[in-house]
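The chain contents come next:
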Amino acid sequence: MKEILILLRPRFLSFKNRRITGKSKGRKVIFLFFGTIGIAFWGGTFFIFYRILNYFKGIESFGDILAFKLLSTSLITLFSLLIFSGILASLTKLYLAKDLSLVHSMPVSREKLFLARWFESTIDSSWMVFIYSLPLFLSYGIVYKAGVFYYAMAGINILPFCLIASSLSVLTVMMAALFLPAGRIRSVFVFLGLLLFLLLIISFRLIRPEKFVNPEAFSSLLLYFKNLESPKSPLLPTTWFFDALQTSLSGSMKSALFHSSLSWSFAITMIFVIAWISGAIYFKGLSKSQAAPVRFFSFPRSKRPRYLWHLNFLSGSKRAFIVKEIKIFFRDQTQWSQIFLIVALIAIYLYNFSVLPLERSSIKLEYLQNILSFLNMGLVAFVLSAVSARFVFPAVSLEGEAFWIVRSSPVSIRTFLWTKFFVYFFPLLFLSELLIVVTNILLHVTPIMMVVSVLTILFMVPGIISMGIGMGAIYPDFKSENPTQSFTSLGGLIYMTLCMGFIAAVIVLEAGPVYNIFMTGIRRGSLTLFQWIWIVGSFSMVFALCIGALVIPMRLGEKKILQGDLELHVSGHGTDSNK
Amino acid sequence: MIELKNLTKHFGSVVAVNRLNLFVSKGEIFGFIGPNGAGKTTTLRMMGGVLSPTEGSVIIDGINIAEEPEEAKKRIGFIPDRPFLYEKLTGMEFLRFTADLYGIEDGLFYKKSEEVLKKFSLDDWAEELIESYSHGMKQRLILSAAILHEPKVIVIDEPMVGLDPAGIRLVKTLFREVAKKGTTIFMSTHSLGMAEDVCNRIGIIHKGSLIATGTIEELKCLAQVQERDLEKIFMILTEEETIP
């Protein structure tokens, strides 16, 4: 046990020493921002569950059935989440962590090393699920006026629940590592997880839950309810947890303790089982993960397709950066798996517009369609900002520790940044225009509204991309193991705030003139001189804003890199005097 | 060919490189030695254009790297101490990327790339992703890329790290060959044997300052030792500096 605690100590000390790094100010801002969002989300979850349960409680005869159906479904969802995050966490901790060769060279038994790593991965994969499951249990306790025994049971049962999920995850990973290199397993699981998530979203969306607010569809709700049978096998850990909670709510102490004992005994047994199995297969899998990854598709040199190098109309350096960027992007499975997610979300976005019940609104249809179209410009720009935060903002950081190649090459930083800009500009412009044109067609907007929204997006996209590249250059993270996550940094936060400000400014500036143009069209009148001045002034300001958003961030990013503030691994020296 | 004028670099309150003045002529192999944290890597990174100096200038082939960075860098082949590369490119693709950056034409590229890959025994690995290369193979690939455009100056930090004996021998031969053709080589190393073996002149840096430069014979006089033992010379000179 002592050795396991020693192995866990570096993690604890690293966490403790974070304040020493001198970036505490930025971290505090991020902590405050995400902390506020987290608390709001926690409160929101509690509020929603509390309202739903209160509503169910009010339904005679099958209110309780609905409430417990919700509980059992929630527990299955939590368990699935725990298993999925457990797979990723244990894979990272046990097979991919950089310090593995160091710890494996130490005189500690592999079993203890495995247990220490597994314990770490359990904490990593469970803490968030644990925190966000609390509003669920709390709302049941309050609505059903439960006593202390219920809360104690919830607390006692959540621990084995997490341990069981984590041990099942680690078993899956150890088995998979025997057949696949660890790097590939992560890609496969991330891909499968995303696929599952997409299927859930799409199927949920296609059910069209909004029709349930319509009383006419109530008969189909009963049918839906009948079909919504969640699995409830006595062999499932979710059933033990569910039974423990249900019986403790009804005050049946003996039964609750029996189900808790089932959970705990199984969790403890699983710890012994995984420790025993790890002795047999963990090190074999780990050795395999150290081997060089083999390419899925490899061509002999003479037959190798070289189509990307034939971008001959570009100068050598631009072609070099563009080809490199595209190849690296598509060879990184974590990147293209996220593209599937975006495509699916876009499909849902467009589907939502196609099923909007506009005719049921009390507002005049033509008026409503065009208001929605105008607001949709902001929404599309917001979607673009979110996509850019994930793909464009980390673009400079993605160079990683190989950034020395760019710095030592005979190419200006300006060329480097603008090449990055254009690599992302064209696909994202296409995406944004596609969204705006298709939604406008679905909304049957007026031609003038179509022109205004297409042009506005055309001018906004370069600004949003430029801010992504520029801010990414000002706040790079070349040392991160996963630079694509850099949008959660202080720089990412500032980028999203700037994008929001930019979008809001454009929408506010255009709102008045567009309203005037639209209303004049409806009334078949003509614009007054004042309205003309207003329109020209507003659109000129929008144009100037878009040019500013395009030019300024790129200049600042370039300046920041050239100042030499972006140090890589300078031996023995971490920071620069120029800061 | 290489001129460092008052080259200075501060990291916060730490002076990593302090008013370095040095001239290295065409075809010369210059060895840069010093204890850990002396400022070798920082100097080389400023010479490669990877780091900007706090003060002073780096002049390569008469071009100030701060004023005309692209022109100066065209003349340099920079090789860092740690071979960080684009892991998702193949070796051949990386060479092609480098060739495009340095403006090497297609026809010449195919000829040159086959040549360097063969020279560094990487021809069988050319179509494999760099992520599957060993440390030594990555080092060989960087060396291949650095000489692809036939630079006038090679700036290399720890050239032998990660190389096997055959690789070390290859690099030594290569340095002598290219220096004979007029390429200037500026290398930092911890291997005093390597410095003694290949370099025409050696500079010793300690606590950011250049404390001695010259041939082995000149350094021997400076350290007042009889034998031609660079290790002894190095120890005497750096120890003297540490005595208050």
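Here the residue index of a chain counts from 1 through its sequence in written order. Chain labels run from A onward and ligand labels from 1 onward, assigned in the order the entries are written. Whole-chain, interface and lining totals are the exception, using all residues; otherwise, since this is a predicted model, local features are given only for residues with pLDDT of at least 70 and side-chain atom pairs are given and counted only at 80 or more. Only hydrogens and water are set aside when side-chain values are computed; all heavy atoms of the structure are taken into account.

> So, the overall build of chain B: which residues are in play, and what are the values?
The helix and strand labels rest on DSSP assignments: H or I over at least four residues marks a helix, E over at least two residues marks a strand, and numbering proceeds from the N terminus. The helix and strand inventory of chain B stands at nine helices and ten strands. At 18 Å, chain B has a C-alpha radius of gyration in line with the 18 Å of a compact globule built from 244 residues. Note on exposure labels: buried denotes an accessible area under 20% of the residue type's maximum, exposed denotes more than 50%, and partly exposed covers the range between, all computed with a 1.4 Å probe on protein chains only. For chain B, the residues scored as buried account for 59% of the 244 residues in total. Note on contacts: a residue pair is in contact if any heavy atoms of the two residues lie within 4.5 Å. Put simply, 66% of the contacts in chain B that link residues at least 6 apart link residues at least 24 apart. Values of accessible area rely on a 1.4 Å probe in the Shrake-Rupley scheme; residue burial ignores everything except the protein chains shown. By element, 49% of the accessible surface of chain B is carried by carbon and sulfur atoms, the whole surface being about 9,800 Å². The globule rule used for comparison is 2.2 Å times the number of residues to the exponent 0.38, while the radius of gyration itself is calculated over C-alpha atoms.

> Could you give an account of the overall build of chain A, naming the residues involved and the relevant values?
Scanning chain A from N- to C-terminus turns up 18 helices and zero strands. For chain A, the proportion of contacts with a sequence separation of at least 24, taken over those separated by at least 6, is 81%. With the model as given, the accessible surface of chain A reaches about 29,900 Å², and the carbon-plus-sulfur share is 72%.

> Go over the pairing of strand E3 (residues 29-33) of chain B, please, and point to the residues and values.
Both faces of the sheet carry side chains from a regular strand, because those side chains alternate between them. All names here are of chain B. Along E3, five of the five residues are buried, which leaves the element largely enclosed by surrounding structure. Side chains Ile29, Gly31 and Ile33 project from E3 onto one buried face, and the interleaved Phe30 and Phe32 project onto a second face that is buried too. If DSSP finds at least two bridges between two strands, the strands pair. Where E3 lies against strand E8 (residues 184-188), four bridges are found, and the strand directions are parallel. Paired with glycine 31 across the bridge in E8 is methionine 187. Pairing between E3 and strand E9 (residues 201-206): four bridges, direction parallel. Bridge assignment links phenylalanine 30 to a residue of E9, and that residue is arginine 201.

> Explain the sheet that holds strand E4 (residues 55-60) of chain B to me, using residue names and the numbers behind them.
Residue and element names in this part refer to chain B. One open sheet accounts for four strands, arranged E2-E1-E4-E5; its pairing is antiparallel. Where the open sheet ends on each side, the last strands, each with one partner, are strand E2 (14-24) and strand E5 (63-64). Axis angles are defined between N-to-C directions and span 0 to 180 degrees, where every axis is a line fitted to C-alpha atoms and, for a helix, only to the segment in contact. Most of the contacts of helix H1 (residues 40-47) go to strand E1 (residues 2-11), to which it runs at about 120°, and overall it touches E1, E2 and E4.

> Mind laying out empty space enclosed by the protein, listing which residues take part and the relevant values?
A pocket, in this scheme, is an open set of points on a 1 Å grid over the protein atoms alone with protein on both sides within 12 Å along at least 5 of 7 lines, while a cavity is a set where a 1.4 Å probe fits but cannot get out; residues line either one if an atom lies within 4 Å of a point. Grid points are joined across faces, edges and corners, and a volume is the space filled by probe spheres set on the points. A complete count under the given rule lists three cavities of 30 Å³ or more for this structure. Taken together, 15 residues line the largest cavity, and the ones lying closest to its centre are Trp404 and Ser408 of chain A together with Phe78, Thr98 and Tyr102 of chain B. Breaking the lining of the largest cavity down by element, the ones donating at least two residues are helix H14 (403-408) of chain A together with strand E6 (76-79), helix H3 (91-101) and helix H5 (135-148) of chain B. Of the residues in the lining of the largest cavity, the class split is ten nonpolar, five polar and no charged. Polar here means any residue other than Ala, Val, Leu, Ile, Met, Phe, Trp, Tyr, Cys and Pro, which are nonpolar, and Asp, Glu, Lys and Arg, which are charged; Gly is therefore polar.

> Explain the sheet that holds strand E7 (residues 153-157) of chain B residue by residue, including any values.
Residues and elements named next belong to chain B. Taken together, the six strands give an open sheet; going across it, the order is E6-E7-E8-E3-E9-E10, and neighbouring strands pair in mixed fashion. What marks the edges here is a single partner per strand, and that holds for E6 and strand E10 (209-214). With strand direction ignored, the average angle separating the axes of adjacent strands in the sheet is 15°. As paired strands, E7 and E8 are joined by five bridges and run parallel to one another. Bridging from a neighbouring strand, aspartate 157 pairs with serine 188 of E8. Set on the sheet, H1 makes contact with E3, E6, E7, E8 and E9; between it and E7 the angle comes to about 150°.

> Could you give an account of the packing of aromatic side chains, with specific residues and numbers?
The description of two aromatic rings rests on the distance between their centres and on the angle between their planes. In this analysis, rings of Phe, Tyr and Trp, with Trp reduced to its six-membered ring, are considered paired at centre separations within 6.5 Å, and the interplanar angle assigns stacked below 30 degrees, edge-to-face beyond 60, and tilted for intermediate values. Counted according to the given criterion, the structure contains 39 aromatic pairs over all chains. Centroid distance phenylalanine 329 of chain A to phenylalanine 330 of chain A: 5.2 Å. Interplanar angle 80°. Geometry classified as edge-to-face. Among the aromatic residues, those joined into a ring-pair cluster are Phe321, Phe403, Phe416 and Phe478 of chain A together with Tyr86, Phe94 and Phe97 of chain B. Arginine 390 of chain A extends its terminal NZ or CZ atom over the ring of phenylalanine 391 of chain A, reaching a point 4.7 Å from the ring centre. The rule for a charge over a ring is simple: NZ of Lys or CZ of Arg within 6 Å of the ring centre, and within 35 degrees of the ring normal.

> Lay out the packing of helix H1 (residues 2-16) of chain A against helix H5 (residues 110-143) of chain A in plain terms, naming residues and giving numbers.
Residue and element names in this part refer to chain A. Running from amino to carboxyl end, H1 crosses H5 at an angle of 45°, the nearest separation of the two axes being 9 Å. Viewed along their axes, H1 and H5 adopt a mutual orientation that is oblique. Judged by the twist between their axes, the crossing of H1 over H5 is right-handed. Within the contact between the two elements, H1 uses Glu3, Ile4, Leu7, Leu8 and Arg11 and H5 uses Lys112, Leu113, Leu115, Ala116, Phe119, Glu120 and Asp124. Here the residues of the contact of H1 with H5 sort into seven nonpolar, no polar and five charged. Angles are sorted into four bins: roughly parallel if under 35 degrees, roughly antiparallel if over 145, roughly perpendicular if 65 to 115, and oblique for all others. Crossings are sorted by hand: turned counterclockwise from the far helix by less than a right angle, the near helix makes the crossing left-handed, and turned clockwise it makes it right-handed.

> Before we move on, can you summarise the pairing of E2 of chain B with the specific residues and values?
Residue and element names in this part refer to chain B. Pairing of E1 with E2 involves seven bridges; the strand directions are antiparallel. When the sheet's bridge partners are listed, glutamate 3 is paired in E2 with phenylalanine 23. Hairpin connection of E1 to E2: two residues between the antiparallel strands, including glycine 12 at a positive phi of 65°.

> Can you break down the packing of helix H3 (residues 63-96) of chain A against helix H9 (residues 237-249) of chain A residue by residue, with the values?
Residues and elements named next belong to chain A. It is the contact of H3 with H9, at a shortest axis distance of 10 Å, that shows an interaxial angle of 145°. The way H3 lies across H9 gives a crossing that is right-handed. Listed contacts from H9 to Phe68, Leu71, Ser72, Leu75, Ile76 and Phe79 of H3 are Pro237, Thr238, Phe241, Phe242, Leu245, Gln246 and Leu249. Partitioning the contact of H3 with H9 into residue classes produces ten nonpolar, three polar and no charged.

> Outline the confidence of the model for chain B, supporting the account with residue identities and numerical values.
The score called pLDDT rates the predictor's confidence residue by residue, from a low of 0 to a high of 100. Confidence in the prediction of chain B, expressed as mean pLDDT, is 86, and 96% of residues score 70 or more. We note a pTM of 0.71 for the whole complex and an ipTM of 0.78 for its interfaces.

> Which residues make up unusual backbone geometry, and what values go with them?
Residues and elements named next belong to chain B. Even without being a glycine, serine 121 presents a positive backbone phi close to 55°. Looking at the element boundaries, serine 121 is found in the loop between helix H4 (106-119) and H5. Under the relative-accessibility criterion, serine 121 is labelled partly exposed at 48%. Of note, the phi angle at lysine 207 is positive, near 50°, even though the residue is not glycine. Along the chain, the position of lysine 207 falls in the loop between E9 and E10. The class of lysine 207 is exposed, set by a relative accessible area of 56%.

> Just give me the short version of the environment of glycine 463 of chain A, but keep the residues and values in it.
All names here are of chain A. With respect to the helices and strands, the residue glycine 463 is situated in helix H16 (residues 447-474). Sequence separation of glycine 463 and leucine 545 is 82 residues, and the distance between their C-alpha atoms is 8.6 Å. Excluding residues that lie within four positions of it along the chain, glycine 463 makes contacts with Phe502, Cys546, Ala549 and Leu550.

> Give a description of the confidence of the model for chain A that names residues and reports values.
All names here are of chain A. On average, residues of chain A carry a pLDDT of 81, and 82% of them reach 70 or more. Of all secondary-structure elements in chain A, the lowest mean pLDDT belongs to helix H8 (residues 218-227), at 55, while H16 reaches the highest, 92. Scored below 50 in pLDDT, residues 568-579 makes 41 contacts in the model with residues more than four places away or belonging to other chains.

> Talk me through the state of the cysteines; I want residue IDs and the actual numbers.
Here, two cysteine sulfur atoms that lie within 2.5 Å of each other are counted as a disulfide. Within the structure shown, the criterion is met by zero disulfides over all chains. The thiol of cysteine 546 of chain A is not disulfide-bonded; the next cysteine sulfur, from cysteine 499 of chain A, is found 12 Å away.

> Hey, could you go over the environment of phenylalanine 137 of chain A for me, with residue numbers and the actual values?
Residue and element names in this part refer to chain A. By the element assignment, phenylalanine 137 lies in helix H5. Spatially, the C-alpha atom of phenylalanine 137 lies 17 Å from that of histidine 259, the residues being 122 residues apart in sequence. In this structure, phenylalanine 137 is in contact with Leu75, Tyr150, Ala154, Ile158, Phe241 and Leu245, ignoring residues within four places of it in sequence.

> A description of the environment of glutamine 246 of chain A should follow, citing residues and the corresponding values.
Looking at the secondary structure, you find glutamine 246 of chain A in helix H9. For the pair glutamine 246 of chain A and leucine 341 of chain A, spaced 95 residues apart in sequence, the C-alpha separation works out to 37 Å.

> How would you explain the side chain of glutamate 120 of chain A if you had to name every residue and give the values?
Residues and elements named next belong to chain A. Structurally, glutamate 120 is set in helix H5. Relative accessible area serves as the criterion here: at 8%, glutamate 120 is assigned to the buried category. Polar contact criterion, stated in full: a pair of N or O atoms within 3.5 Å, where within protein one must be able to donate a hydrogen and the other to accept it, and residues adjacent in sequence count only if both atoms are side-chain atoms. Within the local environment of glutamate 120, its side chain forms a polar contact with the side chain of lysine 93, the two groups lying 3.3 Å apart.

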